[in-house]
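# Examination of the molecular architecture
Residues per chain are reported as follows:
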Amino acid sequence: MDKPKVVLGVSGGIAAYKACELLRRLTESGHDVRVVPTASALHFVGAATWSALSGNPVSTEVWDAVHEVPHVRIGQHADLVVVAPATADMLAKAAHGLADDLLTNTLLTARCPVVFAPAMHTEMWEHPATQENVATLRRRGAVVIEPAVGRLTGVDTGKGRLPDPAEIFEICRRVLARGVREPDLAGRHVVVSAGGTREPLDPVRFLGNRSSGKQGYALARTAAARGARVTLVAANTHLPDPAGVDVVPVGTAVQMREAVLKAAADADAVVMAAAVADFRPSEYAAGKIKKKDGQEPEPLVLVRNPDILAEISADRARAGQVIVGFAAETDDVLANGRAKLARKGCDLLVVNEVGERKTFGSEENEAVVLGADGSETPVPYGPKEALAETVWDLVADRMS
Ligand code: CTP
């Protein structure tokens, strides 16, 4: 089978050097990559680097190898075009259909999915002109990844950083795997919770669980690749921020409730993939609890935590909001799942069987998605991202 053809467009920003890593990841995972830099991009990284890393010729203008009609052919034959970094100028040109170099010509001839990873100073990103251009591109079906927040070129920090190349690569991989131009979650805001809450006993100890957060991160990443604005409420995870996702870190169930309710206010869907502790210690000791010689330990008194899933399902922030829960069961998986779906009042419940070596921390998952409408969708053993795609398919079907 032919290698998937990817066009990596690079426009003139300092983050161009990070596109070298994206290029490496793409080529090493079996993609045929044609790098199309702008003339300004070559001020940051030279053509020799792009050519050596991609194994393909590099040009910025339509006048090289004219007999091959590159201004049309490169775009026509691409399976994916990703522009990283995309400067404010590049977004403006793309939104307005300008075609004054090879990359802008390629963008006009491409009929495959297009991903833009913008990087610029915060002021430029926030400017209404840029925001309108981004909205135009999204409306036309492009995936425009939200920039990350952090250190910018100079001493200043803010929104505008290019997301981690490894995470841009993940978006490209998901978009290529779906192979459709229309991102079906474009214009939607989705909230995903991930990880496991920790309920502190004292400054050094907590009650916790073994959730890694990987399923929730896979959900966030796939939703972003399908064009959604994503808020990820993450409890005690140690995973890199998915590209374009707004990550809200929390610790306890009570903090998670607050963050989820806030984000859910304008959300089209909420997926509770986090393992939320049902109970917390009734008291928090401000100082470390000490053992006392010759004395048995005090019994631990627990109180109930709020049930976030049940609460947001019973009191929907928006009409038509789709709510998804997860259930980890060890026995009577389907019967327990049905009962839990009814008890929680959500629209969909992803039920998986857990055990010592199953699900926690692994890259794979196997589940059945139960619908409040009686539907039952089995998802065979496979990557957590495959389960995530199925969840979003079912959510998209139910969104008004
Ligand atoms: N959940 C929640 N708030 C809680 C506990 C759980 O929002 N306090 C959510 C989880 O994020 C998950 C779903 O509810 O989506 C199922 O959680 P689970 O703990 O399996 O369900 P329980 O009702 O606690 O049932 P069990 O008796 O099996 O513990």
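Please read all numbers here as calculations on a predicted model, not as lab measurements. (Residues numbered from 1 in each chain as written. Predicted model: local features only at pLDDT ≥ 70, side-chain atom pairs only at ≥ 80, totals over all residues. Heavy atoms only, no water.)

### Comments concerning the layout of surface pockets
Rules: Put plainly, a pocket is an open set of points on a 1 Å grid over the protein atoms alone with protein on both sides within 12 Å along at least five of seven lines, a cavity is a set where a 1.4 Å probe fits but cannot get out, and a lining residue has an atom within 4 Å of a point. Grid points are joined across faces, edges and corners, and a volume is the space filled by probe spheres set on the points. Put simply, DSSP H or I for four residues or longer makes a helix, DSSP E for two residues or longer makes a strand, and each gets a number counted from the N terminus. Polar here means any residue other than Ala, Val, Leu, Ile, Met, Phe, Trp, Tyr, Cys and Pro, which are nonpolar, and Asp, Glu, Lys and Arg, which are charged; Gly is therefore polar.
In this structure, the largest pocket occupies an estimated 920 Å³ of space. Lining the largest pocket are 34 residues, with Ala274, Ala275, Val276, Phe326 and Ala328 positioned closest to its centre. Every element with two or more residues in the lining of the largest pocket is listed here: α10 (214-225), α12 (308-314), β16 (322-329) and α13 (333-344). Residues belonging to the lining of the largest pocket are distributed by class as follows: 14 nonpolar, 12 polar and eight charged. Roughly 540 Å³ of volume is contained in the second largest pocket.

### Topic: empty space enclosed by the protein
The final tally for this structure, using the stated rule, is one cavity of 30 Å³ or more. Counted as a void, the largest cavity has a volume near 80 Å³. When grouped by side-chain class, the residues that make up the lining of the largest cavity number eight nonpolar, one polar and four charged.

### So, the site of the ligand
As a reminder of what qualifies: By convention in this text, a residue qualifies as near a molecule or strand provided that one of its non-hydrogen atoms is within 4 Å of it. Any N or O atom pair separated by 3.5 Å or less is treated as a polar contact, with the protein-specific requirement of one donor-capable and one acceptor-capable atom, and with residues adjacent in sequence counted only for side-chain atom pairs. For the accessible areas, the method is Shrake-Rupley and the probe is 1.4 Å, while residue cover comes only from the protein chains on display.
Of all residues adjacent to the ligand, which total 14 residues, the nearest are Met272, Ala274, Leu309, Phe326 and Lys340. At 3.1 Å from a nitrogen atom of the ligand is found a main-chain nitrogen or oxygen belonging to Ile308. Between the ligand and the protein, one listed contact pairs an oxygen atom with a backbone N or O atom of Phe326 at 2.8 Å. Coverage of the ligand by the protein chains reaches 78% of its 590 Å² of free accessible surface. Of all the secondary structure elements, the ones that give two or more residues to the shell around the ligand are α12, β16 and α13. Per-element accounting of the shell around the ligand gives the leading share, three residues, to α13. Along the lines of polarity and charge, the residues of the shell around the ligand split into eight nonpolar, one polar and five charged.

### Some words on the pairing of strand β11 (residues 229-235)
Note the cut-off: The buried label goes to any residue with under 20% of its type's maximum accessible area, the exposed label to any with over 50%, and the partly exposed label to all in between, with areas taken from a 1.4 Å probe on protein chains only. DSSP-based pairing: two strands are paired if at least 2 bridges between them are found.
For β11, a buried count of six out of seven residues is recorded, marking the element as mostly surrounded by other parts of the structure. As paired elements, strand β8 (residues 189-195) and β11 share seven bridges and run parallel to each other. Bridge pairing links Gly195 to Ala235 in β11. With six bridges joining them, β11 and strand β12 (residues 245-250) adopt parallel strand pairing. Residue pairing for β12: Leu232 is matched across the bridge by Val247.

### So, the environment of Asp202
Basically, it comes down to this: Residue contacts are counted whenever heavy atoms from the two residues lie within 4.5 Å of one another.
Inspection of the secondary structure puts Asp202 in strand β9 (residues 199-202). Note on Asp202: relative accessible area 2%, which makes it buried. It is 50 Å that separates the C-alpha atoms of Asp202 and Gly141, two residues lying 61 residues apart in sequence. What Asp202 contacts, discounting residues up to four positions off in sequence, is Tyr284, Ala285, Gly287, Lys288 and Ile289.

### Quick look at the pairing of strand β18 (residues 364-371)
In terms of residue burial, β18 counts as a mostly covered element, since six of its eight residues are buried. As paired strands, β18 and strand β19 (residues 376-383) are joined by six bridges and run antiparallel to one another. Paired with Val368 across the two strands is Pro378, which belongs to β19. Count of turn residues in the β18/β19 antiparallel hairpin: four residues, of which Gly374 carries a positive phi of about 95°.

### A look at the nonpolar core
We apply this condition: We call a set of buried Ala, Val, Leu, Ile, Met, Phe, Trp, Tyr and Cys residues a nonpolar core when their side-chain atoms join them within 4.5 Å. Domain borders in the structure are assigned automatically or taken from a domain database.
Judged by nonpolar contacts, the single largest core of 65 residues is most densely connected at Val82, Leu219, Val230, Trp392 and Val395. Here this core gets seven residues from one element, more than from any other, and that element is α10. Of the domains in this structure, domain 1 (5-178) and domain 2 (189-399) are the two that each give at least three residues to this core. When near neighbours in sequence (up to four residues on either side) are disregarded, Val230 contacts Val190, Val192, Ala220, Ala223, Ala224, Val245 and Asp246.

### Thoughts on the domain arrangement of the protein
Formally: Once two parts are put together, the accessible area they lose, assessed with a 1.4 Å probe and summed over both, is termed the buried area.
Partitioning the protein into domains gives domain 1 (5-178) and domain 2 (189-399). On a C-alpha basis, the centres of domain 1 and domain 2 stand 35 Å from each other. Contact residues are listed per partner, giving 12 residues for domain 1 and 13 residues for domain 2. Here domain 1 and domain 2 share an interface that buries about 1,100 Å² over both sides, 58% of which is from carbon and sulfur atoms. By the criterion of area lost to domain 2, the three top residues of domain 1 are Glu167, Arg174 and Arg178, representing 53% of everything that side buries.

### Points about the sheet that holds strand β1 (residues 5-10)
Which entries qualify depends on this criterion: A fitted line through C-alpha atoms serves as each axis, taken over the contacting stretch for helices, and the angle formed by two N-to-C directions is quoted from 0 to 180°.
With parallel pairing, five strands are arranged side by side in an open sheet as β2-β1-β3-β4-β5. Either end of the sheet is taken by a strand with one partner, and the two such strands are β2 (32-37) and β5 (143-144). Sheet topology places β1 next to strand β3 (residues 80-86); four bridges connect them, and they run parallel. From the neighbouring strand, Val7 faces β3, where its bridge partner is Val81. Where helix α1 (residues 16-28) meets the sheet, it contacts β1, β2 and β3, and its direction lies at approximately 175° from that of β1. Packing of helix α5 (residues 88-96) onto the sheet brings it into contact with β3 and β4 (114-118), and relative to β3 it is tilted by some 140°.

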